[in-house]
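Summary of structural features
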Amino acid sequence: MTIEHTKIEQIKGEQKEQNPKKSDRILIFDTTLRDGEQSPGATMTLQEKLQIAELLDEMGVDIIEAGFPIASNGDFEAVSQIAKRSKNSVIAGLARAITGDIERAGEAVKHAKRGRIHTFVSTSPIHLAHQMKKTQEEVLEIIEKTVTQARNLIDDVEWSAMDATRTPLEYLARCTEAAIKAGATTINIPDTVGFSTPEDYYQLFVDLIEMVPDSDKVIFSTHCHNDLGLAVANSLAGVRGGARQVECTINGLGERAGNAALEEMVMSIRTRADVMPYHTGIETTHLAKISKVVSAAANFPVQYNKAIVGKNAFAHESGIHQDGMLKNAQTYEIMTPESVGIKSTSLVMGKHSGRHAFKEKLRGFGYDLGDNRFQEVFERFKSLADRKKNVYDEDIIALVDDEIGSAGDLIKLVDMEVVSKTSGEHRCDMVLDVEGETISVSTQGSGSVDAIFNAIKKGVKANPHLLLYGVDAVTGGTDAQANAHVRLEMDGRIASGRGAEPDTLVASAKAYLNAYNRLMVERGASAQGAMAKN
Ligand code: KIV
Ligand code: ZN
């Protein structure tokens, strides 16, 4: 075999040497930047993707699926930039079972220290009949041809059977055999529609590994969607059945109900080593930070009670629990907040804090801003400190994310005044900077937020459909900053935006404008279009 020094060799070596029951190494394949970005409205900028990839690499992710290079020039650029910068992780580019896709993916990952082409084709009867309009024999030929093409470009090739869990076992085994013969080094068995159960998924791996010749020469992988809330349980069952790679995303981001959440997979394996004798290479203290970075970049708030990284994941409310915690944290905590990188909220700085200390603080959070951006953020921090008694770490992170997230916006809020009443129409007077031109508008609405959104629509002369609007407080207290989220749809494109400000209404206006600005940027729509063609 020509694959030298790859992860696969290392893992197989480790497995041979060690008692597999005691210490099986599980490869973590992160697809936040590909499947995660396919969440409606979760498109990220190149800078955001580079930042996330760097963090994933640093925290020990084995394989980063950086995008779908054929989908758009933006995706291609992101995958190739990430490939060039990667230090340890294998960088994968997705490709349909189409010659052009595979060439483009190969081109995008070729500068990685270790690159991978990940090619997939549907195998289930329902996909073959309605989407692909191909026979089983034709798909087998496609697998042989496309995996061979990929293997001629690169040594590390992953093949995925899309909708594998609704594919008859015998046919899936024939497809897997064809992919291995053609040179695939990783075989992924996705539960594309989140239909499987842990028992079914476990048995599927056991059967496939037993039935398919040379199955011991490749790594089997799980890829579970969360439509029934079983993605993590199914992935762990797949591991028990013999899979040694799990595909997952930060915060469980992904198509529809999302993918298996990386942080849940990793912490389950770590916390329940007694019943799951596996280990990963993830530095778990990075989990809280990357969760925040992904949430901000994708404009996807993390639900409060989300396992591992939700705001409430380590909060203890009831008297009995608090009493137990004070006596011994282990009474109600199965893992420590520190083990996932959560620090207790700390009061950081006030209006007298200097620029040097502030810069150091930002560095500690992983932000390295250029001089101009730093100056803008520092001024916003000073103004926040003037208005807010206590400025916490979370306030600063929200402020910087807001500044970074809206950096490329061509339409900006200059000023606004809102009149709220207990009855009758609410009014909003707004001044916008639309690509350098100042525009003033006055509108009414059934509520303050309605009036604000109407003002923006009037100012930009467009009428996007509002899919989602929400506000949460960054910290406690009535002077807390508001974090507003907006998701808009227009002409088949979806984009999300966020705004953080001490005033809820200003935050809402900024979130709407941020989403509208992102709608205007040509990205994401083509990626989703390309997926739809498969
Ligand atoms: O869910 C799925 O089947 C996928 C494939 C492209 C691997 O995301
Ligand atoms: Zn998927």
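Residues numbered from 1 in each chain as written. Chains lettered and ligands numbered in written order. Predicted model: local features only at pLDDT ≥ 70, side-chain atom pairs only at ≥ 80, totals over all residues. Heavy atoms only, no water.

**Quick look at the layout of surface pockets**
Put simply, the rule reads: Method remark: on a 1 Å grid restricted to protein atoms, a set of points is classed as a cavity if a 1.4 Å probe fits but cannot get out and as a pocket if it is open with protein on both sides within 12 Å along at least five of seven lines; lining residues have an atom within 4 Å of a point. Grid points are joined across faces, edges and corners, and a volume is the space filled by probe spheres set on the points. Counting from the N terminus, the helices are DSSP H or I runs at least four residues long and the strands are E runs at least two residues long.
Considered as a void within the structure, the largest pocket measures approximately 1,300 Å³ in volume. Looking at the largest pocket, it is lined by 42 residues, and the ones nearest its centre are Ala288, Lys292, Val309, Lys311 and Glu394. Looking at the lining of the largest pocket, the elements that each hand over two or more residues are helix H11 (287-298), helix H15 (393-405), strand S16 (465-473) and strand S17 (482-490). Considering every element that reaches the lining of the largest pocket, the biggest residue donor is H11, with seven residues.

**Topic: the packing of helix H13 (residues 355-364) against helix H14 (residues 371-387)**
Axis angle and axis distance: for two packed helices, these are the angle between their axes and the distance between the axes, and together they describe the pair. Using the following cut-off: Orientation is described by lines fitted to C-alpha atoms, with helices fitted over the stretch in contact, and by angles between N-to-C directions that extend from 0 to 180 degrees. When describing relative orientation, an angle under 35 degrees is termed roughly parallel and one over 145 degrees roughly antiparallel, while 65 to 115 degrees is termed roughly perpendicular and anything else oblique. Residue contacts follow a heavy-atom distance rule, with two residues in contact if any of their heavy atoms lie within 4.5 Å. Under the grouping applied here, Gly and all other residues not named as nonpolar or charged are polar, the nonpolar ones being Ala, Val, Leu, Ile, Met, Phe, Trp, Tyr, Cys and Pro and the charged ones Asp, Glu, Lys and Arg.
Remark: H13 packs on H14, axes separated minimally by 11 Å, with the N-to-C direction vectors making an angle of 105 degrees. When the axis of H13 is compared with that of H14, the two are roughly perpendicular. Facing H13, whose interface residues are Arg355, Phe358, Lys359 and Leu362, H14 presents Asp371, Phe374, Gln375, Val377, Phe378 and Phe381. Of the residues in the contact of H13 with H14, the class split is six nonpolar, one polar and three charged.

**Description of the pattern of salt bridges**
Under the convention used in this document: Counted as salt bridges are all cases of a side-chain nitrogen of Lys or Arg within 4 Å of a carboxyl oxygen of Asp or Glu.
This structure, assessed with the given rule, holds 30 salt bridges. When the shortest N-O distance is used, the salt bridge between Asp155 and Arg151 registers 3.9 Å. With its nearest N and O atoms 4.0 Å apart, the salt bridge here joins Glu376 to Arg373. In this pair, Glu376 and Arg373 both sit in helix H14, three residues apart, roughly one turn of the helix.

**Some remarks on the pairing of strand S9 (residues 245-248)**
Selection criterion: Relative accessibility thresholds used throughout: buried, under 20% of the residue-type maximum; exposed, over 50%; partly exposed, between the two (1.4 Å probe, protein chains only). When DSSP finds two or more bridges between a pair of strands, those strands are recorded as paired. Crossovers are described as right-handed under a simple rule: with the strands pointing away from the observer, the path leading from the first strand over the helix to the second runs clockwise.
Where burial is concerned, the two faces of S9 agree: the one with Gln245 and Glu247 and the one with Val246 and Cys248 are both buried. Pairing between strand S2 (residues 27-30) and S9: four bridges, direction parallel. Within S9, the position partnered with Ile28 by the bridge is Val246. Two strands pair when backbone bridges link them, and strand S8 (residues 219-224) and S9 are joined in this way by three bridges, in the parallel orientation. Within S9, the residue paired with Thr222 across the bridge is Val246. In terms of handedness, the path from S8 via helix H9 (residues 231-240) over to S9 forms a crossover that is right-handed.

**What to know about the coordination of the zinc ion (ligand 2)**
The condition is simple: With water excluded from the atoms, a metal site may look incomplete; its donors are any N, O or S atoms within 2.8 Å, or within 3.2 Å for Na, K and Ca.
Surrounding the zinc ion (ligand 2) are the protein donor atoms Asp35 (OD), His223 (NE2) and His225 (NE2), at 2.0 to 2.1 Å. In the primary sequence, the donor residues of the zinc ion (ligand 2) line up as D-x187-H-x1-H. The same class applies to His223 and to His225, which are both buried.

**Some thoughts on helix H16 (residues 448-460)**
What counts, and what does not: Multiplying one less than the number of residues by 1.5 Å gives the expected span of a helix.
When the terminal C-alpha atoms of H16 are compared, their 19 Å separation across 13 residues agrees well with the 18 Å that a helix rising 1.5 Å per residue should span. Within the span of H16, buried status applies to Ser448, Ala451, Ile452, Phe453, Asn454, Ala455, Ile456, Gly459 and Val460. One or two positions beyond H16, positive phi appears at Lys461, with a value near 55 degrees.

**Quick word on the sheet that holds S17**
Reading across from one edge, S16-S17-S18 is the order of the three strands in this open sheet, with antiparallel pairing throughout. Each edge of the sheet is formed by a strand with only one pairing partner; in this case those strands are S16 and strand S18 (493-501). Neighbour to neighbour, the strand axes of the sheet diverge by 15 degrees on average, direction disregarded. Note: S16 against S17, eight bridges, orientation antiparallel. What sits directly across from Gly470, in S17, is His485. Sheet strands touched by helix H17 (residues 504-520): S16, S17 and S18. Its angle to S18, the strand with the most contacts, is close to 150 degrees.

**Quick word on the sheet that holds strand S14 (residues 426-434)**
For sheets, the rule is that strands pair by backbone hydrogen bonds, running either parallel or antiparallel. The three strands are arranged S13-S14-S15 in an open sheet whose pairing can be described as antiparallel. Both edges of this open sheet fall to strand S13 (411-419) and strand S15 (437-445), since each of them pairs with a single strand only. Neighbour-to-neighbour, the strand axes of the sheet open up by a mean angle of 15 degrees, direction not taken into account. In the sheet, S13 pairs with S14 via eight bridges, with the strands oriented antiparallel. Following the sheet pairing, Asp415 is matched in S14 by Val431. H16 rests against S13, S14 and S15 of the sheet, and its axis sits at about 140 degrees to S15.

**Topic: the confidence of the model for the protein chain**
Which entries qualify depends on this criterion: As a per-residue quantity, pLDDT reports the predictor's confidence and falls between 0 and 100.
Looking at the protein chain, the pLDDT average stands at 89 and 92% of residues meet or exceed 70. Every residue in residues 1-8 is under pLDDT 50, and counting partners more than four places away or in other chains gives 17 contacts. This stretch, residues 522-534, has a pLDDT under 50; its non-local contacts, to residues over four places away or in other chains, come to 29 contacts.

**Some points on the nonpolar core**
Put simply, the rule reads: Joining through side-chain atoms within 4.5 Å is the link that ties buried Ala, Val, Leu, Ile, Met, Phe, Trp, Tyr and Cys residues into a set, and such a set is a nonpolar core.
Residues Ile143, Trp159, Ile187, Ile189 and Leu262 are the most contacted members of the largest nonpolar core, which totals 89 residues. A per-element tally of this core places helix H7 (residues 169-182) first, with eight residues. Once you skip the residues sitting within four places of it in the chain, Ile189 turns out to touch Ala164, Leu172, Thr176, Tyr201, Leu204, Phe205, Leu208, Phe220, Ser221 and His223. Core analysis: the next-biggest nonpolar cluster, separate from the first, contains 29 residues, Cys428, Ala511, Ala515 and Tyr516 among them.

**Notes on the site of ligand 1**
Under the convention used in this document: Any residue with a non-hydrogen atom lying within 4 Å of a molecule or strand is treated as near it. In the analysis that follows, any N or O atom pair within 3.5 Å is treated as a polar contact, provided that within protein one partner can donate a hydrogen and the other can accept it, and provided that, for residues neighboring in sequence, both atoms belong to side chains. For accessible areas, the Shrake-Rupley method is used with a probe of radius 1.4 Å. Any residue's cover is judged against the shown protein chains and nothing else.
What surrounds ligand 1 is the set Arg34, Asp35, His118, Phe120, Ser160, Met162, Asn188, Pro190, Thr192, His223 and His225. Within the contact set of ligand 1, an oxygen atom lies 2.6 Å away from a side-chain nitrogen or oxygen of Thr192. In this structure, an oxygen atom belonging to ligand 1 sits 3.1 Å away from a side-chain N or O atom of His223. Compared with its free state, where it exposes 260 Å², ligand 1 has 97% of that area covered by protein. Those elements giving two or more residues to the shell around ligand 1 turn out to be strand S5 (115-122), strand S6 (157-162) and strand S7 (186-191). Here the shell around ligand 1 is built from residues that sort into three nonpolar, six polar and two charged.

**A word on the packing of aromatic side chains**
Definition in use: Any two of the Phe, Tyr and Trp rings considered here, Trp counted by its six-membered ring, make a pair once their centres fall within 6.5 Å; the pair's planes then place it as stacked at under 30 degrees, edge-to-face at over 60, or tilted in between.
Inspection of the entire model under this criterion finds eight aromatic pairs. A ring pair is formed by Phe358 and Phe378, whose centres lie 5.5 Å apart and whose planes are at 55 degrees; its orientation type is tilted. Of this pair, Phe358 sits in helix H13 while Phe378 sits in helix H14, and the two are 20 residues apart along the sequence. Each member of the pair, Phe358 together with Phe378, is buried. Between Phe453 and Tyr469 the ring centres are 5.4 Å apart and the planes differ by 90 degrees, which places this aromatic pair in the edge-to-face class. Taken together, the positions of Phe453 in helix H16 and Tyr469 in strand S16 put the pair 16 residues apart, joining distant regions of the chain.

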